[in-house]
Amino acid sequence: MKNLNLTKLEKEVLTIISWGEEYQETPTQCFLGMSQAFSGTTNQLKGVVGSLEKKQLIWIGEYPNGMTAYHLDTEI
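Notes on the structure follow. Nothing here was measured: the structure is a model prediction, and the numbers come from that model.

Among all positions in helix α1 (residues 8–18), only Glu-10, Glu-12, Val-13, Leu-14, Ile-16 and Ile-17 are buried. On its buried face, α1 is in contact with β2 (26–29), α2 (31–37), α3 (42–54), β3 (58–62) and β4 (68–72).

And the structure:
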């Protein structure tokens, strides 16, 4: 696992994504699904998602229906 200092909210979002369904062989969640389980605001969630992507702990893809898919980096 990468040795990073994560905030409480970052850990929460990683946990939420890990609960998501397997898509492209990795735990995945859509923004709406994350926002329903997230304890903070929508703007906080956007910031946390951006931070996790910058730290390369998640990657962003797309579901076949066009929705954005947030994938847990399984190498963490």
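Next, the rest of the story.
So, about the packing of aromatic side chains. The final tally for this structure, using the stated rule, is two aromatic pairs. On the numbers, 5.1 Å between centres and 50° between planes, the contact of Tyr-23 with Tyr-63 is tilted. Linking Tyr-23 in strand β1 (residues 21–23) with Tyr-63 in the loop between β3 and β4, this pair joins segments that are 40 residues apart in sequence. Classification of Tyr-63 as buried rests on a relative accessible area of 18%. Relative to Tyr-70, the ring of Phe-31 lies with its centre 6.4 Å away and its plane at 55°, an arrangement referred to as tilted. Of this pair, Phe-31 sits in helix α2 while Tyr-70 is found in strand β4, placing the two residues 39 residues apart along the sequence. The class of Tyr-70 is buried, set by a relative accessible area of 11%.

Once that is clear, we can look at the side chain of Glu-12. Mapped onto the fold, Glu-12 is located in helix α1. The charged side chain of Glu-12 is buried without a salt bridge, its nearest counter-charge being Lys-8 at 6.2 Å. Beyond its immediate sequence surroundings of up to four residues, Glu-12 is in contact with Ala-37, Phe-38 and Ser-39.

Taking 1.5 Å of rise per residue, 13 residues should cover 18 Å, and α3 covers 18 Å from first to last C-alpha, within 8% of that figure. All of the buried residues in α3 are Leu-45, Val-48, Val-49 and Leu-52. All buried residues of α3 project into a common sector of 100° when viewed along the axis, lining one side. Exposed side chains of α3 directed beyond 90 degrees from the buried face belong to Asn-43, Lys-46 and Lys-54. Looking at the buried positions of α3, the neighbouring elements they touch are α1, α2, β3 and β4.

Across soluble globular proteins, you tend to see nonpolar side chains buried next to one another. Among the nonpolar cores identified, the biggest contains 14 residues, and Val-13, Ile-17, Met-34, Leu-52 and Ile-58 are the most heavily contacted of them. Within the residue set of this core, elements represented by two or more residues are α1, α3 and β4.

Right, let's talk about the pairing of β4 for a bit. Most of β4 sits inside the fold, with four of its five residues counted as buried. For β2 and β4, the ladder comprises two bridges, and the chain directions are antiparallel. Each residue of the ladder has a partner; that of Gln-29, found in β4, is Tyr-70. Relative to β4, β3 is paired through five bridges, and the arrangement is antiparallel. By the bridge assignment, Ile-58 is partnered in β4 with Leu-72. Once β3 ends, the chain turns through five residues before running back antiparallel as β4, passing Gly-66 with a positive phi of about 95°.

What counts as what
- Residues numbered from 1 in each chain as written.
- Predicted model: local features only at pLDDT ≥ 70, side-chain atom pairs only at ≥ 80, totals over all residues.
- Heavy atoms only, no water.
- Buried < 20%, exposed > 50% of the residue type's maximum accessible area, 1.4 Å probe, protein only.
- Helix = DSSP H or I, 4+ residues; strand = E, 2+ residues; numbered from the N terminus.
- Contact = heavy atoms within 4.5 Å.
- Phe/Tyr/Trp six-rings, centres within 6.5 Å; stacked < 30°, edge-to-face > 60°.
- Lys, Arg positive; Asp, Glu negative; His and termini not counted.
- Salt bridge = Lys/Arg side-chain N within 4 Å of Asp/Glu carboxyl O.
- Expected span 1.5 Å × (residues − 1).
- Arc of directions from axis to C-beta.
- Core = buried A, V, L, I, M, F, W, Y, C linked by side-chain atoms within 4.5 Å.
- Pairing = 2+ DSSP bridges.

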